[in-house]
Structure formats: C-alpha cells, structure tokens
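# Summary of structural features
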Amino acid sequence: MHAASLMKFMLISDTFPPDINGVARTLQTLARGLAKRGHEVSVITTTEQSRAENARQGVTVDSV
C-alpha cells in the first residue's frame, strides 16, 4: 500500500480480549487485520491485560 492510503483507526469498546465473547474476538480480528495491512490501530477499552500481546501484532491497547 502507498503511505498516502494508510489510515489511523481508533476502536473504542467496553469489551476486548481477554474478554471471551463474539464482539471482543471480532474487534481483535479487525484490529490485527488492519495493522497487518499497515494501518495504525489504537484500541481504548476497560481491560488492560491484552496490551502486550496485541502490541506484538501492531495494535496499541489503552484502558480507561
């Protein structure tokens, strides 16, 4: 992809892995897929346990 076509995404959700449900899993799959394609992805969620694992996949996770 060209650098001009790369985008920044911010996902905000009260559920994200390690929560176990369909929404959490779908958001993680989306975030990692976007990051794999070179986009910058940030997630704001209420859980911070997934921070290190997702950082290795190119996804920044912050908790509130």
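Structural notes, computed from the coordinates. (Residues numbered from 1 in each chain as written. Predicted model: local features only at pLDDT ≥ 70, side-chain atom pairs only at ≥ 80, totals over all residues. Heavy atoms only, no water.)

Quick look at helix α1 (residues 22–36) now. Taking 1.5 Å of rise per residue, the 15 residues of α1 would be expected to cover 21 Å, and the 21 Å separating its terminal C-alpha atoms lies within 8% of that figure. Turning to α1, its buried residues are Ala24, Leu27, Gln28, Ala31, Arg32, Gly33, Leu34 and Ala35. Contacts from the buried residues of α1 go to β1 (8–12), β2 (40–45), α2 (51–55) and β3 (59–63). Of the residues that open α1, the one with a side-chain oxygen 3.1 Å from the backbone nitrogen of Val23 is Asn21. Gly38 occupies a position one or two residues after α1 and carries a positive phi of about 100 degrees. (Helix = DSSP H or I, 4+ residues; strand = E, 2+ residues; numbered from the N terminus. Expected span 1.5 Å × (residues − 1). Buried < 20%, exposed > 50% of the residue type's maximum accessible area, 1.4 Å probe, protein only. Contact = heavy atoms within 4.5 Å. Polar contact = N/O pair within 3.5 Å; in protein donor to acceptor, adjacent residues only side chain to side chain.)

Take the nonpolar core next. With ten residues, the main nonpolar core is built from Leu11, Phe16, Leu27, Ala31, Leu34, Ala35, Val41, Val43, Val59 and Val61. Broken down by element, this core gets its largest block of residues, four residues, from α1. (Core = buried A, V, L, I, M, F, W, Y, C linked by side-chain atoms within 4.5 Å.)

This paragraph deals with the side chain of Ser42. Within the secondary structure, Ser42 sits in strand β2. Contact partners of Ser42, with chain neighbours within four places excluded, come to Phe9, Met10, Leu11 and Thr60.

On to the sheet that holds β2. Spatially, the three strands line up as an open sheet ordered β1-β2-β3, and their pairing is parallel. Each edge of the open sheet is held by one strand with a lone partner, namely β1 and β3. The average undirected angle you get between the axes of adjacent strands in this sheet is 20 degrees. Summarising the sheet, β2 and β3 pair through five bridges and their orientation is parallel. Each bridged residue has a counterpart across the sheet, and for Ser42 the counterpart in β3 is Thr60. (Pairing = 2+ DSSP bridges. Axes fitted to C-alpha atoms, helices over the stretch in contact; angles between N-to-C directions.)

Our focus in this paragraph is the environment of Val61. By secondary structure assignment, the location of Val61 is in strand β3. For the pair formed by Val61 and Val41, sequence separation is 20 residues and the distance between their alpha carbons is 8.7 Å. Leave out the neighbours within four places in its chain, and Val61 touches Phe16, Val43, Thr45, Thr47, Ser50, Arg51 and Asn54.

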